[in-house]
Amino acid sequence: MRSLFHFAFNVTDLNEARRFYGGVLGCAEGRSTETWVDFDFMGHQLSLHLGPPFKTERTGHVGDTLVPMPHFGLVLALPDWQAMAQRLQAAGTDFLFAPQVRFEDQPGEQWTMFFCDPFGNPLEIKGFRELDAVYAA
């Protein structure tokens, strides 16, 4: 079965959301009203609604690092991840965790970066040499 992921969450300014998700991340805008806007998030649907964003805390233990929870993001092929990292760096993104490799030479080796959207919603973008390695044990 193939399906698309849908995630709806809150932002405080739809125009700022358009600048970030459309401009910085390069997501195509879909339908919208005065209170929400949809984006094509690399083939998945994000619905951004006006309201208070999630409360997040760095409580997720990944190796020796505490990552923000909850968070969401993407898993990309490594060349696409590298292009996204360059795009974010060129936009002056303030990274929580700068682009880096994690679990090097181990099963599940991945490149990762964490940053927040303008509303404090944390995103993680992962890159893999082979997408089949996402679930490697």
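Reference entry: report on the structure contained in this document. Because the structure is predicted, anything quoted here is derived from the model rather than measured.

Throughout the structure, instances matching the rule amount to 6 salt bridges. The salt bridge partner of E124 is R102, with a shortest N-O separation of 2.5 Å. Linking E124 in strand β10 (residues 122–128) with R102 in strand β8 (residues 95–102), this pair joins segments that are 22 residues apart in sequence. The same class applies to E124 and to R102, which are both buried.

The subject of this paragraph is the sheet that holds β8. Spatially, the 4 strands line up as an open sheet ordered β7-β10-β9-β8, and their pairing is mixed. Because the sheet does not close on itself, it has two edges, and the strands there are β7 (72–77) and β8. Direction aside, the axes of adjacent strands within the sheet are offset by 10° on average. The pairing of strand β9 (residues 110–116) with β10 spans 6 bridges and is antiparallel. Pairing of T112 across the sheet is with K126, part of β10.

Rules of the game
Residues numbered from 1 in each chain as written. Predicted model: local features only at pLDDT ≥ 70, side-chain atom pairs only at ≥ 80, totals over all residues. Heavy atoms only, no water. Salt bridge = Lys/Arg side-chain N within 4 Å of Asp/Glu carboxyl O. Helix = DSSP H or I, 4+ residues; strand = E, 2+ residues; numbered from the N terminus. Buried < 20%, exposed > 50% of the residue type's maximum accessible area, 1.4 Å probe, protein only. Pairing = 2+ DSSP bridges. Axes fitted to C-alpha atoms, helices over the stretch in contact; angles between N-to-C directions.

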